[in-house]
Structures are given as C-alpha cells and as structure tokens.
Amino acid sequence: MKKYIFLFSVIIFIFSLISYLTKKGKNIDATFSNTGFEIVNTTKDSVLMYLTINKPADSTWVKNVNGIFGINSSQLRGSVWVQPNDTLKYIPTLSFSGNVSFGTPPQNCPTEQFVNGINILEWSVNVPKGSNEALDLSCVAGVNCIMKIDLIGGSDWIANGKSVRSIENKKMWNNTGIYGVFPYGCTNCTDTDGKQLCQTPNEKPNTEKICTPTRNTNEKGGTIRISFFGYTLVPAK
C-alpha cells in the first residue's frame, strides 16, 4: 500500500513539474518576443513611405534598411510604395531605432511640396537589457499627413502615468494635449528649447510630459501598427 502511495505521489509531482515548466516557458516567450511593425495604407492611392534608421551603436542593432518592408537598399534610409489598402509587416530580430514618414524623408522645415512641414513616427524598440522601449508621433517639424498608431499586444505603454494604446495626430496647429504627440516646434514636449527658426510661431507646449510613451525596463512584444490616413494638404507637384 505504501508503495502505491509513493508511486502516486511521484506521478503527481511529475505532472506538477511539467505544468510549471510549460507555464514558465509560455511566460518566457511572452516576455522576450520582439516588438513588430505594420504599415497600413488606408487610402485609395499608393503612398511613398520612407524608413530612416539611426546609426547603429554596435552589431546588436539593425544596421540598414535592406529587406525591411521590402526596401532594397543597404543605406540608413530607403523608401517603398505602399499600395492602396495594403499592409506591410516586419519583426526585427535586433534592437531597432528609426522613424517613418510619408511622401518625403524627414525634414526640419516646411518644403515647397509640404508647406506645413512633415510629421514622423519615431521609435526605439527591442532595446538592450536595462533600457526602455519608447516611441512618439512627432509634429515638431510640422504636419503633412494624418497617422494613427495602434499599440497592439505586449505590455503597457505609459506616458505621464497613463496607459497609451492609440495615438493619432491632428491637422496643423491642433496637436497640443494629445498623449504620444509632440506639438509643432515643441522640441521637449513642454518647451521649445532648441527649435528651428523655421518652426515659428510654434504651437502651445504641453504642461506635462505626455509626448513619449515608454515601457518598463526589459518589456517588449506586440505590434506597432502605423496607419496612413492621407495627406492634410494635397502635395505640390
């Protein structure tokens, strides 16, 4: 009888151990899965999307744009046409820091084509251990299009103590007070220190640091969906 009780106890222990390791494995996968990207063109027209990545610090960072979203370039910047109602996807295997703009590469000042300047979505994700993921929709240099950013899955993105899961800029002069958005000329969210002369007059700065959602140290995963909803003004030819 004691032998059967012992065997039963061993079986229970084995099943418990398997259950624990399975759950632990799932938690590990959820914790360490990389943050991915989607580019969505919601309009009926093709749009030229520019990807610019920051110069990599070392070999643990994405080194060029080649192959990302179908871009064919070994440089730090490249572009690709996104077809109407199409979605491009990319999941980086390395740390990844860069930005996306539409119709033009990033510019600090208005251009003949985009007289109200250019807005971008910028990020730093899958960062080294001990760092924080961060992103923002920057209208510091103006607004040429409407972007909506959906932060799908993964752990929370936090700005000034508030969970942020969706970010969308508005037309020029209307971006103060939106979580995740830098207003025009507001280089530090709450002030305009260091702004370009061409960014005058600027929008009213925010009263609190709400412009840059971040994640807790070592947290990542889920998808950053960047949707293009069209230009705010028809680009000049």
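It should be noted that the structure appears before, not after, this text.
Residues numbered from 1 in each chain as written. Predicted model: local features only at pLDDT ≥ 70, side-chain atom pairs only at ≥ 80, totals over all residues. Heavy atoms only, no water.

1. Topic: the pattern of salt bridges
So the rule is basically this: Whenever Lys or Arg places a side-chain nitrogen within 4 Å of a carboxyl oxygen from Asp or Glu, that contact is recorded as a salt bridge. Relative accessible area decides the class of each residue, using a 1.4 Å probe on protein chains only: under 20% of the type maximum gives buried, over 50% gives exposed, and in between gives partly exposed.
As enumerated under the stated definition, the model contains five salt bridges in all. The closest approach of N and O atoms between Asp 150 and Lys 148, which form a salt bridge, is 3.8 Å. The exposure class assigned to Asp 150 is buried, which follows from its relative accessible area of 17%. Given a relative accessible area of 25%, Lys 148 falls into the partly exposed group.

2. What about the state of the cysteines?
Stated precisely, the cut-off is as follows: Note that a disulfide, as used here, is simply two cysteine sulfur atoms within 2.5 Å. Segments assigned H or I by DSSP are reported as helices when at least four residues long, segments assigned E as strands when at least two residues long, and all are numbered from the N terminus.
For the structure shown, the criterion picks out two disulfides. Across the disulfide from Cys 109 sits Cys 198; the S-S distance is 1.9 Å. Disulfide Cys 109-Cys 198: torsion about the S-S bond near -80°, hence left-handed. Separated by 89 residues along the polypeptide, Cys 109 in the loop between strand E5 (96-102) and strand E6 (120-125) and Cys 198 in the loop between strand E12 (181-182) and strand E13 (223-231) bring together distant segments of the chain. Judged by its relative accessible area of 26%, Cys 109 is partly exposed. With relative accessibility at 25%, the residue Cys 198 sits in the partly exposed group. Across the disulfide, Cys 189 is cross-linked to Cys 211 (sulfur-sulfur distance 2.1 Å). In this structure the cystine formed by Cys 189 and Cys 211 twists about its S-S bond by roughly 80°; its chirality is therefore right-handed. With Cys 189 in the loop between E12 and E13 and Cys 211 in the loop between E12 and E13, the pair connects residues that are 22 residues apart, well separated along the chain. In this structure Cys 189 comes out as buried when scored by relative accessible area, which is 2%. Among the residues examined, Cys 211 registers a relative accessible area of 1% and is labelled buried.

3. Remarks on the pairing of E13
Our working definition: Strand pairing requires that DSSP identify at least two bridges connecting the strands.
Judged from the six bridges that link them, strand E1 (residues 36-41) and E13 form a sheet pairing that is parallel. Looking at the pairing, Asn 41 lines up with Phe 228 of E13. Both strand E8 (residues 145-152) and E13 contribute to a ladder of seven bridges, which runs antiparallel. Bridge pairing in E13 links Cys 145 to Tyr 231.

4. Structural notes on the side chain of Thr 35
We count it as follows: In protein, a polar contact requires one atom able to donate a hydrogen and another able to accept it; more generally it is a pair of N or O atoms within 3.5 Å, and residues adjacent in sequence count only if both atoms are side-chain atoms. Contacts between residues were defined by any pair of non-hydrogen atoms, one from each residue, lying within 4.5 Å.
Relative to the assigned elements, Thr 35 resides in the loop between helix H1 (2-32) and E1. Judged by its relative accessible area of 1%, Thr 35 falls in the buried class. Of note is the side chain of Thr 35, whose polar atom sits 2.8 Å from the side chain of Glu 133. Within the local environment of Thr 35, its side chain forms a polar contact with the backbone nitrogen of Gly 221, the two atoms lying 2.9 Å apart. Filtering out sequence-adjacent residues up to four positions away, Thr 35 remains in contact with Pro 92, Val 125, Asn 126, Glu 133, Arg 215, Lys 220, Gly 221, Gly 222 and Ile 224.

5. A closer look at the environment of Glu 38
Structurally, Glu 38 is set in strand E1. Residue class for Glu 38 comes out buried when judged on its relative accessible area of 12%. Distance from Glu 38 to Ile 226, taken between C-alpha atoms, is 6.0 Å for residues 188 residues apart in sequence. When residues no more than four places from it in sequence are discounted, the contact partners of Glu 38 are Thr 87, Leu 88, Lys 89, Thr 223, Ile 224, Arg 225 and Ile 226.

6. Thoughts on the environment of Ile 91
You can see Ile 91 is positioned in the loop between strand E4 (87-90) and E5. What Ile 91 contacts, discounting residues up to four positions off in sequence, is Asn 34 and Gly 36.

7. Focus on the packing of aromatic side chains
Applied cut-off: Aromatic contacts are taken between Phe, Tyr and Trp rings whose centres are within 6.5 Å, Trp giving its six-membered ring; a plane angle under 30 degrees counts as stacked, one over 60 as edge-to-face, and the others as tilted.
In this structure the tally under the stated criterion is nine aromatic pairs. Both rings, one in Phe 37 and one in Trp 123, keep their centres 4.7 Å apart while their planes meet at 45°; by these two values the pair is tilted. Of this pair, Phe 37 sits in strand E1 while Trp 123 is found in strand E6, placing the two residues 86 residues apart along the sequence. Across the pair, Trp 123 and Phe 37 agree in class, each one buried. Ring centres of Phe 69 and Tyr 90 lie 5.9 Å apart, and the angle between their planes is 65°; on these two criteria the pair is classed as edge-to-face. Of this pair, Phe 69 sits in the loop between strand E2 (47-53) and strand E3 (77-82) while Tyr 90 sits in strand E4, placing them 21 residues apart in sequence. Take Phe 69 and Tyr 90: they sit in the same class, and that class is buried.

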